[in-house]
Each structure stands twice: as C-alpha cells, then as structure tokens.
Amino acid sequence: MDENFGKSKTDGVVTMQATPVLEGNAREIIAQMSIEEMVKNRKTFAEKVRENAIPDLRKMGIELLTFNVQSFKDNNGVIDALGTENEVKVKKDAAIARAAAEKEITKAQATAREASRAAEIEADTNIASDC
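Calculation criteria
- Residues numbered from 1 in each chain as written.
- Predicted model: local features only at pLDDT ≥ 70, side-chain atom pairs only at ≥ 80, totals over all residues.
- Heavy atoms only, no water.
- Helix = DSSP H or I, 4+ residues; strand = E, 2+ residues; numbered from the N terminus.
- Rg over C-alpha atoms; globule rule 2.2 N^0.38 Å.
- Buried < 20%, exposed > 50% of the residue type's maximum accessible area, 1.4 Å probe, protein only.
- Contact = heavy atoms within 4.5 Å.
- Phe/Tyr/Trp six-rings, centres within 6.5 Å; stacked < 30°, edge-to-face > 60°.
- Salt bridge = Lys/Arg side-chain N within 4 Å of Asp/Glu carboxyl O.
- pLDDT = per-residue confidence, 0-100.

A few words now on the overall build of the chain. Counting its regular elements, the chain contains four helices and zero strands. From first element to last, N terminus to C terminus, the chain shows the α and β order α-α-α-α. At 32 Å, the chain has a C-alpha radius of gyration far larger than the 14 Å of a compact globule built from 131 residues. Based on the C-alpha atoms only, the size of the chain along its principal axes is roughly 120 × 35 × 25 Å. Burial statistics for the chain: of 131 residues in total, 15% are counted as buried. When contacts within the chain are restricted to residue pairs at least 6 apart in sequence, long-range pairs at least 24 apart make up 56% of them.

This is the structure in structure tokens:
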C-alpha cells in the first residue's frame, strides 16, 4: 500500500503537481478562443480551463474548487493594444452620442423658435385685422 495514502499533500506539492496540468489545460483553451474573447470574458475562459482540468487533477488526487484568472499578459503588446482600441472606441462612441444629443437639442430649439415666431406672426396678424 502507498505510504502516502490518506495523508494530505502539502501546498508546495499540490502546486508543483497542479501547475503544469492547469497550464496545459489553459493552453488548450487558448487555442480555442480568440484573445479578444479571453480578455473580454475571463470568467468563461476560467470556467473552460476548470472544466478541462478537473478530470486530470482528480486522477492525481487533487480537487479543484475554483480557478480564477486575474489578468492576461503578453510579450507582444497585443492585449494592451486591445485595451487601447477599446478605449478609443468608447471615446468615439461617446463623442458620437454627444454630437447626436447636441443635434437633437439644436433641432428642438429651432423648432421652438419657429413655433414662437409663428405665434408672434399670428398674434400680429390678429391685432392688425382687429384694427
């Protein structure tokens, strides 16, 4: 019988055994998802890695309760570029929305001025016709 049977593994041993399994499963999911998908939906990425890793870790006597992704990093700056692209898009969308709102305000003000002028003309016409 295995002398370690029934004994719990130390954190260091678990980390040493689980890390390569989690990394391998993460690489498998990375191959299936685009960078944009992973960055925008870390929860889905983490869940897929977790689902893939559980059977492998279970065989090793390790139970995986949670798996969270804190951040993504790359050496080529792709992820930073995605963030910049997203920031520019958000600013662009905000500028377009602001311009559209200002256009609507200008239209409403012009319509109100026209209505006011029409009322003035009507009033002047009524006064002139009464005379």
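In this section: the packing of aromatic side chains. This structure, assessed with the given rule, holds one aromatic pair. Between the aromatic rings of F45 and F72, the centroid separation amounts to 5.3 Å while the plane-to-plane angle is 70 degrees, which identifies the pairing as edge-to-face. Of this pair, F45 sits in helix 3 (residues 42-59) while F72 is found in the loop between helix 3 and helix 4 (78-130), placing the two residues 27 residues apart along the sequence. Judged by its relative accessible area of 3%, F45 is buried. By relative accessible area, F72 is classed as partly exposed at 21%.

Following the criterion strictly, the structure yields two salt bridges and no others. Where E47 meets R50, a salt bridge forms, and the shortest distance between an N and an O atom there is 3.7 Å. Residue E47 and its partner R50 are both found in helix 3; the two are separated by three residues, about one turn of the helix. Among the residues examined, E47 registers a relative accessible area of 35% and is labelled partly exposed.

Our next topic: the confidence of the model for the chain. Mean pLDDT over the chain: 85, with 92% of residues reaching 70 or higher. In this model residues 1-6 is a low-confidence stretch, pLDDT under 50, and it forms zero contacts with partners more than four residues away in sequence or in other chains.

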